[in-house]
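# Reading the structure
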Amino acid sequence: MRIIIAGAIVALSLVASGCSDSSYVVSPVAPTASTPPTPTPTPTPTPTPTPTPTPTPTPTTSNVTIDIVRDNGAQSFSPNPATLPAGQMVVWRNVDSVTHRVVLNNGSLDTGDLAPGASSQPMPVNTGSGPYHCSIHPSMVGTIVQGS
């Protein structure tokens, strides 16, 4: 029986050495439980807050705006005549393509030069009413009428 066991050992060792390659080593791998991958949560977009509009303060007194239209006599200003209620101020706005300078005929008000697109500062008309003109283009005339 010793010979049979010895022969079996020799046979097994020959089979094992014939199947093995010293450059190829297989390590046993322990079986692992297969777990599905955890999904990455999709970030929820945060809505952009809508800005709250800032209310425009209501002025205590409004201004009367007179547009400087073009060099066209009594049609050079709009409105003409312009009604100016008591306590309100006037603003001249140059909507023409050339510079103008508005003055009251009595000399109590002067806008200074107003380039195209420019407006004067709000100005009180101390006399309440009266004629005015463009000192650069004297044919441009208008009138302010005192309102109630």
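For clarity, every value in this text was computed on a predicted model and none was experimentally measured. (Residues numbered from 1 in each chain as written. Predicted model: local features only at pLDDT ≥ 70, side-chain atom pairs only at ≥ 80, totals over all residues. Heavy atoms only, no water.)

## Re the environment of R93
Threshold: Under the DSSP-based scheme used, a helix requires at least four consecutive residues in state H or I and a strand at least two consecutive residues in state E, with every element numbered from the N terminus. Only protein chains enter the calculation, and the probe is 1.4 Å; a residue is then buried if its accessible area is under 20% of its type maximum, exposed if over 50%, and partly exposed in between. The contact criterion used throughout is that any non-hydrogen atoms of two residues lie within 4.5 Å. Pairing of N or O atoms within 3.5 Å defines a polar contact, subject to two protein rules: one partner must be a possible hydrogen donor and the other a possible acceptor, and residues neighboring in sequence count only if both atoms are side-chain atoms.
Within the secondary structure layout, R93 lies in strand β4 (residues 89-94). For R93, a relative accessible area of 37% gives the class partly exposed. Separated by 28 residues in sequence, R93 and Q121 place their C-alpha atoms 9.5 Å apart. The residues touching R93, leaving out its near neighbours within four places in the chain, are T65, I66, D67, I68, A118 and S119. Side-chain polar atoms of R93 contact the side chain of D67, separated by 2.7 Å.

## Here's the deal with the nonpolar core
As a reminder, the rule being used: In this description, a nonpolar core means a group of buried Ala, Val, Leu, Ile, Met, Phe, Trp, Tyr and Cys residues linked to one another through side-chain atoms lying within 4.5 Å.
Counting residues in each nonpolar core, the largest one holds 18 residues, and the members touching the most others are I66, I68, F77, W92, V125, Y132 and I144. Broken down by element, this core gets its largest block of residues, three residues, from strand β1 (residues 63-68).

## Digging into the sheet that holds β4
How we decide: Any two strands with at least two DSSP-identified bridges between them are counted as paired.
Across the sheet, three strands lie side by side as β2-β1-β4; this open sheet has mixed pairing. Whereas interior strands pair on both sides, the edge strands pair on one side only; in this sheet they are β2 (77-78) and β4.

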